[in-house]
Every structure is written in structure tokens, then in C-alpha cells.
Amino acid sequence: MSQTTFLESVVTWNEEQCQQNLDEALPKLINYCHEAQMIQEQVGILKIICQSFLPCVDVLEAEWRVYSQIVLQICGTFDNILETVKDLLGQAKQELTRVQEEILTHLQLLLETVECCETFVRFSQSSKVALSWSDVHSLPVGTLHVLKGTYSHCKESTDVYGDCLTSVSDPLSLLFRKAHSLQVVFLNLLDKINVDANSTEQDANDLCYVCHGLFEVCQIVTALDMKLVVNLWKAISRHAGQKKEILRNRLDMDNLLTYLCGEISTGYSYLFQLLPCTDNDGMALSQGDERGFQKSVKIVGFQMKVLVMMARDYLQTLHGAASTIYRLILHLFRYIRPSLHAMPILDCHSQEIHRHLINATEPLLATLVYSRTFMETLTQNTQALHEEEKFAHLQVLMSVIEHLPKTTDEMQEWCLMNADDTNRDDLLTSAFRAAHQCYIEILLPVYMSTPMCDGQPQRCVSLYEFLCTRLCGMAGTYLSSCFPVLERVLIEWLLSGSPVCASLAADVWCFLVRYGSADLCYSHIQVLMELCQTIKGPNSDLHIITSLVCRLSKFLSPEHQNSLVRQFPPCDDIALWCKLPVTMLPGDQVREITASMTALCQQNMDSFISAAEVTCHHTELLMCSLTYLTSAQICCEVWDQSIQPKVQSALVERVKTIWEGVFVSDWMSIPQTQVCLGKLLQYSGQVVDQFTNSDLLKVRTSLTILIHLRCNTTFD
């Protein structure tokens, strides 16, 4: 029987005849299709195979090596049609009118080929028992090939068809809808394919190929139809999540999540284009697209959920994507309140963005805190941030600090220790550095929302309180092995010259001592007092350190107070003790030490008064003595019990004498003079009730001369 006669006969067979002749007829049809020279003939044979013979086959008894040939033939015919269409379109413009009908014919053939593929997928899906990958090995490969080719052809139609696009728009629309139909049945088939512990290496590779293939299709249709995109991402995330044990070391999740981050970033920026333009008071200046915004924010929110899920399931395989996710989070934070660079949008829209996107960053960061790649990116000390990203960076750091205690001890130690061979800082240093860069937000201040705690409602606190609370909490969870790093970082930022960070470091230090041991408090005060002894002359660092010592001294035990007095005798170092509170002294020695210190102050004042030539040393001793007396007299109970009235009178007389001789010598030419003069005026104010009118007139005269000389006097 000839091929033509055979084909004419097959077309007339009913279902029973097809069933009876299946084993003989089907291989012949496949062979004829392969040998056919005309595309129309190939498509015709494929339609006979798919419409007449596939319904006669039991899926589980099918010989898939035979059917893989059908799949390959479908793909080959599909490619031939596309190539022919491109060849026809490549002819000269004057010839296009003549071949236009032929182009339409081939588009119809293309449509029928996609229908054959869909029929084949539906046939495989008809099984009532779950299939294994070995049952359908070639079908997903062929189906993805057809989907990618069809969607790409539709996407590129404007460039491909040019002036002919209008005449082929209807067939192309029909082709797109048919590809969508094929995609739906294919995704349903994938849900029926079984993957278990008995799956082979080939099964795993097939599954991985399908996930990558769906991702490629997703990239193609992004600009065509967002509904398709959402369905594809659902399928990718579902299979990647359900089969993560098999796919974890095979799937290129880095590439996939990097692309997804780009889509989320683009979609997020687009949201603000859909919103009405408002002024700083929230008044709408122009209308937006509310319906478009609601649709888009849900789509981007869905993509964010996919990102969270896949980052969690494939965390250990993330490398470059971890850095990309970090950049995405910065992008999300920079446009939304409380950032100073936030877009002016209505509260209702801000709440929607938070609900769908911003809130998802918390579980995402809770996962990424386990990733060394992410943490290296976050704590890199060489990264250059744009001005509008600095506050967002600080927000990320604070969130990570909250989640860090939930990680392993090994991960915590790695984050809290500084690596000498890399460009990253320890986490606490990174937090202080970020706070320093956001000093404007801290000083304004920017207000942050705090989570509900112990049934208390959510409230807003200043950024400084927000930072201080989290840094204190972080210090309280430091591993013992990392404690030296904590102490080093605190003292570095205490002396950093940054008022904001110095204050933060002091507050964290006080928290540490408050909830630590008495020995810890003593050891820290020892270090700080030794540091004070190394600082000479007026210095802002000295003021910061002594202020911290004063705060820490409240937590000293009596035994430690005695130890400090023995180690740092007050009468041997008045420059140190003049700035420290009397309460630091042991209770049983406070009177004796106060009396001794007062006597030392008298000696220093006498040395200053009697000096033939006032030196810096004389001035410094006078300044320390006046500072000590001013501080000691504030503690009235101790002062009254330690100092006799005649000693007090003697001190006042010396002060009067100093005021009389302020301009007798060259004292005003010494740099410390201005500070010392301020201390003199401050102490004089405490004892002014013992000044006569004549004494006060002398003080006034001295100050008038100072003002006349336009001295830039600084009073401490």
C-alpha cells in the first residue's frame, strides 16, 4: 500500500479500527511525518496522530520512546514553520503583498501545530495515576520549546512583521491565546508528575530543566501579560518549594532571584507613577490610576512573597543574589516613610505598600541573617551608599540585629567579630557607622514605629531611642568570646568625635554595666580613669569619658570604691578627681578626702597668687581646683560636714584676691585662661553671698574690660 493510499485509508478509520491497527499504523505515521517534505503534509500527519490515535492509547502502557519521536516531530515542524514565515517576510517589500496569503497559511499551520502539542499534553494528563518523569521524559522539553517559540514570536511581532502586522494581528492573537491554553494544561500535567525518593538522576535533571524552562518563559511574557507571569511564578515557586531537596544543588537560584529582584524593583518604582501627585501637606495635585495601583501592588506583593519563600528554601545556595536582595530592600525603604527621601503619598497608599511589600522584608531579613554572603555585603566598610540609601541601610542593620540572636553561636560569633583579612566590619561597628551617617535623621528627629509588646499598643519613638534600645539589646546578647570586641567598639565610638555616636556608646555602656556584674563595672571604670590620665589639657574626649565614669560610678560597690581610691589617690591626681562626683568616694572616707582635697585646692590657689610669673602649670592647677570646689560644694551634706567655716572663708578670700590680680600679670596670654576664667566665675557665683559690693564691683569691672577687649571667652 502506498503512502498516499495509506493516509487516505487512515483518515476514514473509526476509533475501533485505530485501536486494532495501533501498533502497526502509529510507527508508519511517525516515519511518514519525518520524511514529509511539505510542511502542510507534516502538520496533517501530526493532526491524524494526535486526534485519531492518542485517544486509543493507555497512558501507563504507552511506549514513550515512540511518543518522544512525536514530540520531536512537533518541535521540528514548529521550527520549520517559523523559519518559513521569517523567510517570506525577508523578501522585498513589493513581494510582500503576493506572499501575504502564504504567511497567513503558515500562521494557521503554526496554530495547528501548537494545538497538536496541547492535545499530546492533554493525553498525558488524562492518566488517573500519577506519572513519573521517566514516563514523560521528552514531553516537557518539547512543550517548553513550543511555548518559548510561540511567545517570543508574538512578543517580537512588531519588529518581525513591520507593515504587515495589521493583516496578521488576528492570527497572532489567536496563536497567543492557544499558547496560553497549552501553558495551562502543561502546568496541570506537571502537578501530576510524581517525584519521590526513588527518582533517578535523570528525573532530577528533567525537573530542573522544567523549572529553568518556566523561568525562561516567564522572562519572555513579562512584557505581554502579567496574569501569565503570575501563574508561571506560582508554578516555579510551587515546584521549587515542594522538590527543594532534589533541586537545591541543581537549580540556578542565584540567576532566578536576581531577575525576580529586578522585576520587583521595577514594579515598585512603577507604583509611584500610578499614584496621584501630592504636596507636602498630602493634598492631591493630580489624579492617579487607583485601579492600576491596586492591581500592581498586589502583583509586586505576590512576587515579594515568592522571593521570601525561595530565599528561605535555597538560602545556602545563594551567592550574588544575596547582594541583589540587599540592594532591593534598600530600594524599598528609600521611597517610603519615615525616610526623609520618601515620596509624598497618601496614608492609605502607604499602608497598602507596607502591607504587600515592606512587611515582607522582616521574614526575608530573618532568613538572610543566616547567609554569610548577605552579612558580608551588609557590613562591608568600602561600599558607597547614595545619600538616600543611608537611612535605609541603617534600618536593615537594626532589623538584622534583632534577628541575630536566633541564629547559631557560630554565626553570631562570625558576625560580631571583625575579620582582618576582609573589607567587612563587625556588626556593631557597622551599626555605629550607619548611625553616624544618619545624624540628621537622629537630630530632627525621625520617629520610628515600635512593635506591640506585652499587650501595649504600638507607639512611635525617636530614632535615637529606637537605635539605643536595639543596640542595648544587642550588647546584652553578646557571646563571651566576642566581649572584647564589644568593649573595643564602644570605646572607639565614645571617642569618635561624633556627638550622636558618643552618646549612643555611653548609653549602651551604661546598660551593659547596669545589667552586668559589679566586677565588670569596676574594671570598666578602671580603664576609663586610666585613659583620662593620658589626656592632657582641655579636651572634649576627657569630658565625655568623665561624664561616663560619673554615670557608671552609681553601680560601684563599697569595696570597689575603696580600691579606686587606693589605685587613684585623689590628692595625687586632682586633674582627674576634680571632674568626678563626690559620691564615688567610699562613705567612711568621704569627709577626710574632701578636707584633704580642699587643702590641696588652697595650696594651688596660693601658688597661683604668689607666682612671679604665671605659667600653664599654675593655670591648670587653679582650673582643676576651682572645678573641684564647684563640684564639691554642690553636695551640701558632705561639704558642710567636711569643711569648717574658716576654711570656707579662706577660700573666698583667695578667690577675691585672684579677681583683683586678673590683669596684673600676663595671665590673659595663656591659652587655658578662658576656661579658667569661666571656672572662676562659676565658683564665685556659688559663694557670691560672701562678696561685698566692692568685691562685686571689681568682678564687674574685670568682665567689662574683657568684653571691651572682645575676648572670645568660653565658659565651661
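Read on for a plain summary of the structure. All values reported here derive from a predicted model rather than from experimental measurement.

**Section: the pattern of salt bridges**
In this structure the tally under the stated criterion is 26 salt bridges. Two residues, R470 and E402, come together in a salt bridge whose shortest N-O distance is 3.7 Å. Within this pair, whereas R470 is found in helix α23 (residues 463–476), its partner E402 is found in helix α19 (residues 390–403), the two being separated by 68 residues in sequence. A relative accessible area of 10% places R470 in the buried class. The exposure class assigned to E402 is partly exposed, which follows from its relative accessible area of 41%. Of the charged contacts, one joins K656 and D695 as a salt bridge, the two residues approaching to 2.9 Å between their closest N and O atoms. Of the two residues, K656 is situated in helix α33 (residues 645–660) and D695 in helix α35 (residues 693–708); the sequence distance between them amounts to 39 residues. Among the charged side chains, a salt-bridge network with shared partners connects E115, E118, R122 and K178.

**Some details on the environment of L228**
Relative to the helices and strands, L228 is located in helix α11 (residues 226–242). Sequence separation between L228 and Q183 is 45 residues; the distance between their C-alpha atoms is 8.9 Å. In this view, L228 contacts Y151, F176, H180, Q183 and V221; residues no more than four positions away in its chain are not counted.

**Comments concerning the environment of T546**
For T546, the position within the fold is in helix α27 (residues 540–552). For T546, a relative accessible area of 4% translates into the label buried. Separated by 14 residues in the primary sequence, T546 and C532 have C-alpha atoms spaced 7.5 Å apart. Those residues within four positions of T546 in sequence are excluded, and the remaining contacts are C532, K579 and L580. Of the polar contacts made by the side chain of T546, one reaches the backbone oxygen of H543; its length is 3.1 Å.

**A word on the side chain of H524**
Here H524 lies in helix α26 (residues 518–534). Residues within four places of H524 in sequence aside, it is in contact with E487, W509, L512 and V513.

**Brief notes about the nonpolar core**
Ranked by size, the top nonpolar core spans 238 residues in total, and within it W233, M310 and I353 carry the most contacts. At 12 residues, helix α14 (residues 290–313) tops the list of elements feeding residues into this core. Those residues in contact with W233, other than ones at most four positions away along the chain, are F215, C218, L256, Y259, L260, F302, Q303, V306 and M310.

**So, unusual backbone geometry**
In the segment running from R337 into P338, the intervening peptide bond is cis, with an omega of 15°. P445 follows L444 through a cis peptide bond whose omega is -5°.

**Notes on a nonpolar patch on the surface**
A contiguous nonpolar surface patch, about 510 Å² in accessible area, is contributed by L340, Y439, I440, L443 and L444. Residue position: Y439 is located in helix α22 (residues 439–443).

**Here's the deal with the environment of I401**
Within the secondary structure, I401 is located in helix α19. Judged by its relative accessible area of 5%, I401 is buried. For the pair I401 and V369, spaced 32 residues apart in the sequence, the C-alpha separation amounts to 8.8 Å. Look past the residues within four positions of I401 in its chain and what remains in contact with it is L427, A431, R470, L471 and M474.

The rules behind these values
Residues numbered from 1 in each chain as written. Predicted model: local features only at pLDDT ≥ 70, side-chain atom pairs only at ≥ 80, totals over all residues. Heavy atoms only, no water. Salt bridge = Lys/Arg side-chain N within 4 Å of Asp/Glu carboxyl O. Helix = DSSP H or I, 4+ residues; strand = E, 2+ residues; numbered from the N terminus. Buried < 20%, exposed > 50% of the residue type's maximum accessible area, 1.4 Å probe, protein only. Contact = heavy atoms within 4.5 Å. Polar contact = N/O pair within 3.5 Å; in protein donor to acceptor, adjacent residues only side chain to side chain. Core = buried A, V, L, I, M, F, W, Y, C linked by side-chain atoms within 4.5 Å. Patch = residues over 30% accessible without salt bridge, like charges linked within 9 Å, V, L, I, M, F, W, Y side chains within 5 Å. Areas by Shrake-Rupley, 256 points an atom, 1.4 Å probe, with all protein chains shown as cover.

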